[in-house]
Structures are given as C-alpha cells and as structure tokens.
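Understanding the architecture of this molecule
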Amino acid sequence: MDKRNRLTTYILIGLALGIVVGYIANTNLADPKGFAETMSLVTTLFLRLIKMIIAPLVFATLVVGIAKMGDAKEVGRIGVKALGWFIIASVISLSLGLVLVNLFRPGDAMAALGNLPPVGADSGIVTSGLTLKEFITHLVPSSIVDGMAKNEILQIVVFSLFFGTAAAAVGARATPMIDAIDGVAHVMLKLTGYVMNFAPIAVFAAVAGIIAKSGLGVLSTYGVFMAQFYFGIALLWGILILIGMAFLGPRVLRLIAELREPTLLAFSTASSEAAFPKTLEGLERFGVKNRLAAFVLPIGYSFTLDGSMMYCTFATVFIAQAYGIAFP
C-alpha cells in the first residue's frame, strides 16, 4: 500500500472511530458539549494550518505557472478555455439543482412537520447585500499583504496573474526570481505533505465532536434532504465525467481516482481549502503539466464552486417550500 492509499485508509478509520467515540461521549459523559468543544480545537487547529499554507502556495504556483508559459497569448488562450468550462459547469450545476429540488420538493415534508420559526424571526445571522460595484472593487486588492493575511483567494489570483504576466514579459532578467519562487512552491508542497499527515486526526476530532454534541440523530436529521442533495451531486459528477470522457477517454477514471483523497478530506473537514494542495498533487501525478495545473486550479477555486452552487439552490428552494412561498 503506497503512502497516498495509506492516508486515505487512515482518514476512513478516523471517520469511523469519530462516530464510535462521539456516540460513547454523547451517551456516557456528563458534559458531552465540553468534549465537543475540546474536539473542535483540534479541527480548528488543522484548518488554520491549511489556511496558513494556502496563500503562499497559490501565489507561488500560479506565478511560476504563468511565467513558465512565457507567452501572454497562451495565458489568455488557456484562461479563456478554463473560464468557458467553469461557466458551463456552473450553469449545469445550478440548472440541475433547481430541477431536482422542484422534483423532490423536500421542503413540503418540513412544512408538514410544523414548528417552523416565524418568517420574521431573527436568525442571528448577520447578512449584507453585495452590489456589482463592491464585487468589482473587491477583485483587486488594495494591498497584496492584506489579501494574503485574509486569505482572499480571488485577490491573490488577480495579483498573481499580473505579477506572473509581468515576469514573463521581462524575460531572462526575471529568471532568478522565478527560480526562487519555484523553490518556494516546492517548499510549500513539502510543507503541505507534513500538514496532511494530521488529516486523519482532524477528521476524527470533527466527527467525534459533532456526534458527541448532537448524538447519532444528527446523521439522520434532514437525512432525506441531504440524500436528495447528494444524489444531485452524484448526477452532476456523472454528467461532468461524461463530458470529460469526451476529451480524455477512459483516462478520466484515473483522474477521478486521483481526486478521491482530496474529495474525502474536503467532505470530512467541510473545507474545500483542505483539498487544494492534494488536488494539485493529484493533477500533476495524472500528467497535467505543473504550469497548467498551477494556473487553472487556483482560478477554479475562485470561479467555480459547483457543489456550493447546487447546495444554494437546494437550500433556498427548500426554505421557500417549507414556508409555502411560491415562485412566480
């Protein structure tokens, strides 16, 4: 068993042990919530370790990827293709989500149960509107240091695009700097490997804490809703795999196998950031050139969150159905 398979196995073991330990804590401890809070410290520490490496990893890999292309036209051509794919996948995700949630109508069952909070009840969640002006101005960081400090991936991507393109335009004089940044990228990937060794412990702590606090019932709460949502995700993956097969043929199945570990990690920790480094490694093992993977993947993290978009359609229409709100 190679190192990657061992880590996946350990994550699964951590997941199973988390359920068992969480159940024992929930049924036997006088203060299971205190146990859950202790476990949350482990999960929080792991996610902070991930956040610690994301900004320099994205910057270094993206700058090197663009600079090594050496041609602004090639950067533009690949960028347009990537954004085109992102838009197509996003439209498929949103459309499929809307179709399925209106077909299954999970909110009707919630409405039948009653006991819903009043429509005007305070949820305790602070929300604010987002205008087009705010979105556009948010794209460009007022300071790259501030953007990195806040892990604003989109701002880091924008700065890296300009920086990498400028470095490619300078040519040979920028080579020593690009080599140094390339060294940073390799160091960050090595550091990523160290951090990922803690993933099974983080998964164990996250699951144990949730089960200890809410009991095994949390696994069945909104179970029908989540089952329908995951069916939608599986259907979306099936569609995207078929599209991928049109370009890659049967090799797309090996690509999916490479993404198994980061997918499991993201699911267990509820953080897509945790999956970024392992996804980058998996793409390179699959045969994607480093300069391409380092360029496309960070952009994808900013512009295409298909699972999140599908969940938003499910959750929004679910709430509307539960309160009997009809769409025009």
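Refer to the structure printed above.
Now for a description of the structure that goes with this document. (Residues numbered from 1 in each chain as written. Predicted model: local features only at pLDDT ≥ 70, side-chain atom pairs only at ≥ 80, totals over all residues. Heavy atoms only, no water.)

Looking only at helices and strands, the protein has 16 helices and 0 strands in total. Taking all 328 residues of the protein together, 40% fall into the buried category. (Helix = DSSP H or I, 4+ residues; strand = E, 2+ residues; numbered from the N terminus. Buried < 20%, exposed > 50% of the residue type's maximum accessible area, 1.4 Å probe, protein only.)

Enumeration over the complete set of coordinates arrives at 2 salt bridges. Its salt-bridge partner being Asp146, residue Lys150 comes within 3.7 Å of it at the nearest N-O pair. A residue is classified by how much of its surface remains accessible, and Asp146, at 31% relative accessible area, is partly exposed. For Arg285, the salt bridge goes to Glu258, with nearest N and O atoms at 3.0 Å. Note that Arg285 is positioned in helix 14 (residues 276–286) and Glu258 in helix 12 (residues 251–258), a separation of 27 residues in sequence. What makes Glu258 buried here is its relative accessible area of 9%. (Salt bridge = Lys/Arg side-chain N within 4 Å of Asp/Glu carboxyl O.)

Where helix 12 contacts helix 14, the axes come no closer than 9 Å and their chain directions differ by 150 degrees. As far as their axial angle goes, helix 14 and helix 12 are roughly antiparallel. Considering the relative orientation of helix 12 and helix 14, their crossing is right-handed. Facing helix 12, whose interface residues are Arg251, Arg254, Leu255 and Glu258, helix 14 presents Gly282, Leu283, Arg285 and Phe286. Of the residues contributing to the contact of helix 12 with helix 14, the split by class is 3 nonpolar, 1 polar and 4 charged. (Axes fitted to C-alpha atoms, helices over the stretch in contact; angles between N-to-C directions. Parallel < 35°, antiparallel > 145°, perpendicular 65-115°, else oblique. Left-handed = near helix turned anticlockwise from the far one by under 90°. Contact = heavy atoms within 4.5 Å. Nonpolar A, V, L, I, M, F, W, Y, C, P; charged D, E, K, R; others polar.)

A few words on the side chain of Gln228. Within the secondary structure, Gln228 sits in helix 11 (residues 223–248). Assessed through its relative accessible area of 14%, Gln228 is described here as buried. If sequence neighbours within four positions are ignored, Gln228 has contacts with Phe104, Pro106 and Phe314.

On to a nonpolar patch on the surface, then. There is a patch of nonpolar side chains on the surface, built from Leu103, Phe104, Phe231, Leu235 and Ile239 and spanning about 430 Å² of accessible area. For the nonpolar patch, the secondary-structure elements that each account for two or more residues are helix 3 (72–104) and helix 11. Examining the composition of the nonpolar patch, we find that 3 residues originate from one element, helix 11, more than from any other. Structurally, Ile239 can be placed in helix 11. (Patch = residues over 30% accessible without salt bridge, like charges linked within 9 Å, V, L, I, M, F, W, Y side chains within 5 Å. Areas by Shrake-Rupley, 256 points an atom, 1.4 Å probe, with all protein chains shown as cover.)

Let's shift gears to helix 9 (residues 199–214). Taking 1.5 Å of rise per residue, 16 residues should cover 22 Å, and helix 9 covers 23 Å from first to last C-alpha, within 8% of that figure. What helix 9 keeps buried is the set Ala199, Pro200, Ala202, Val203, Ala205, Ala206, Val207, Ala208, Gly209, Ile211 and Ala212. Phi turns positive, to about 80 degrees, at Gly215, one or two residues after helix 9. (Expected span 1.5 Å × (residues − 1).)

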